[in-house]
Amino acid sequence: MLATLVIGLREGLEATLIVGIIAAFLRRNRVPLAPMWLGVGTAVLLSIAVGFGLQLVEQALPQAEQEGMETIIGIVAVVFVTGMIVWMRRHARSLGKDLEASATAALGRGTAWALAGMAFLAVLKEGFETAVFLLATFQASSDTGSAALGAVIGIAAAVLIGYGIYTGGVRLNLSRFFTGTGVFLVFVAAGLVLTAIRHAHEAGWVVIGQQRTVDLSWLAPNGSVQGALVTGVLGIPPDPRVIEVLGWVLYLVPVLALSLWPRAWRPAPARVPFVRTVVAGGLAVAAVALAVGVPAVAASAPHLSDTVRLDGDQTSLKAEVHGSAGALRTRGNGSQAEVELPASTHRRVTRDGVAADRWQVVDAGASSAQPSSLTLDDLVGLFGRIPVGISPSTNPGPFTAEWATKRTTTLWTAAGGVLDATASERDVLTLSGGGLPSARTTTLDRAVWSVPDAVAQRAAATAATAATRGAELQLWAAWLPLALGIAAAAQLLLALRDRRRTTATPAPDPDTTASRGPPADDPTRSPAYAAR
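In what follows, the accompanying structure is described. Predicted model, so just to flag it, every value in this text is computed and none were measured. Sequence order sets the numbering: in each chain, residues are counted from 1 along the sequence as written. Only residues with pLDDT of 70 or above have their local features reported here, since the model is predicted, and side-chain atom pairs are shown and tallied only from 80 upward, although totals for entire chains, interfaces and linings are computed over all residues. Hydrogens are left out, water is left out, and the side-chain values use all remaining heavy atoms of the structure.

Let's shift gears to unusual backbone geometry. Non-glycine residue Asn333 carries a positive phi angle of around 55 degrees. Helix and strand assignments come from DSSP, with helices taken as H or I runs of at least 4 residues and strands as E runs of at least 2, each series counted from the N terminus. Take Asn333: it is sitting in the loop between strand 4 (325-332) and strand 5 (335-341). Residue Asn333 is classed as exposed on the basis of its relative accessible area, which comes to 61%. Located in the positive-phi region is Asp352, a residue other than glycine, with phi close to 55 degrees. Within the element layout of this structure, Asp352 appears in the loop between strand 6 (346-351) and strand 7 (354-366). Between buried and exposed lies partly exposed: a residue is buried under 20% and exposed over 50% of the maximum accessible area for its type, with that area taken using a 1.4 Å probe on protein chains only.

Printed below as a string of structure tokens:
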């Protein structure tokens, strides 16, 4: 509730001040206010419609798409609030003059619709920002009702304060007000960054940096005032993850410094390009250091062995994989075999919760090792019972047997070694003769060999640890250096722009510089002239 109250108060007061400045100017120039109020009302209704429309669209989406849309809304809200803070810090002092200049230009065009359009655009900007920011805050709040109540109270208070300032009954230090609320909104926006990253993970967009950092359940217990402040207002969950904390810090520190940096400490315009260049160099050095230094830790990530023991007809397996093709060799019980794994049998799958490479090879053909004639006792020995459709009284046997065998060999690999492997056979048996009026077909399945369950479970746990470690390294060795590199490039481009603007500013002409009195060689400056 506190976060939405401050948002409604600040955004509402900005809009109210803009409307008040325009209204005061129009009253001084004896211009009717009806066109302005028409534009303001249209902008307010459109802003409300945008908020409700986004909410309805989100509710109509499936769960994963809802998380994705909440991520997008959160990012847009963060961009809006950051731009609002920066814009207000730069233009707060000249806001009235700028608006009056725009109103003068609109009034000079001699049309009421120009004034209506000016008020419409000014209020629509604030209203759209408020709608998106409040919607993102509602999504991050556990109590939507209290959050909506806080927004209503904040907007109502802003209207009253704005009216009081307009009539002269309320005096408010707007510089301190916007600075204080700006700092608070920086923390709220940083919480929205954290929430957006979590929604992105739940949508399946962000899968790296999901290691837990600290347990804040002691700081924000459910149902407590601290919990409402930390979780509900600042958007910090009790179990922040690595990438969430990283995003929170990378947003909060520079934006907060920008909001609180004293004007007296700001560099002169001529030194701004140099300062930006130094910042860009520092960011680039940090990016290179991470990209070069972090991959060296990859050697410590756990790996699986390419040789495992087996249960069944074979006792050991060795896999050799080269890209999407390979081979596996089995041996034991006085025999050995090799199975080629062509690239056409390769797939990327999930096995026991681990992303793995799978090869599945199927060999089919007639079996020469099976008997060609079977009795009733042989059938009972194979199947444990007499197959359905055969009666000992009318089908006494013996039967002619035709066999077709299909062997399926499957290998899963992950973390550089064998995750699991199985080989099974399906025998298709066709019986004829022995008193059968027609041929009967039945199947017989058996496991040839397999990796023991305990070994496969240990391998899956090791592969999961390796995947987590790899994702963590990818965050620090790839994504963070990329973000720092983009920030460095942006600062360098801004430095070049500022340098171009500085050099393009014309220097003052010495001949036109104001001086005290006539030039030194002017006769009117002589004592004789003064005496006359």
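Opposite charge on two side chains makes pairing possible when the charged atoms of those side chains draw close. For salt bridges, the criterion is a side-chain nitrogen of Lys or Arg within 4 Å of an Asp or Glu carboxyl oxygen. What the rule picks out here adds up to 15 salt bridges. For Asp306, the salt bridge identified is with Lys318, shortest N-O distance 3.2 Å. With Asp306 in the loop between helix 10 (272-293) and strand 1 (307-309) and Lys318 in strand 3 (residues 316-322), this residue pair connects regions lying 12 residues apart in the sequence. Ionic pairing is found between Arg497 and Asp498, a salt bridge with its closest N-O pair at 2.9 Å.

Site definitions follow a grid-based scheme: protein atoms alone, a 1 Å grid, a 1.4 Å probe that fits but cannot get out for cavities, and for pockets an open set with protein on both sides within 12 Å along at least five of seven lines, plus lining residues having an atom within 4 Å of a point. Grid points are joined across faces, edges and corners, and a volume is the space filled by probe spheres set on the points. Considering only enclosed or pocket space, the second largest pocket measures out at about 1,100 Å³ in volume. In terms of lining, the second largest pocket is formed by 39 residues, of which the most central are Val44, Ile48, Thr130, Leu134 and Ile155. Those elements that place two or more of their residues in the lining of the second largest pocket are helix 1 (2-28), helix 2 (34-59), helix 3 (63-91), helix 5 (112-140) and helix 6 (144-167). Among the elements that take part in the lining of the second largest pocket, helix 2 stands out by supplying 11 residues, more than any other. Under this grouping Gly is polar, as are all residues other than the nonpolar Ala, Val, Leu, Ile, Met, Phe, Trp, Tyr, Cys and Pro and the charged Asp, Glu, Lys and Arg. Each residue belonging to the lining of the second largest pocket can be placed in one class, and the counts come to 21 nonpolar, 14 polar and four charged.

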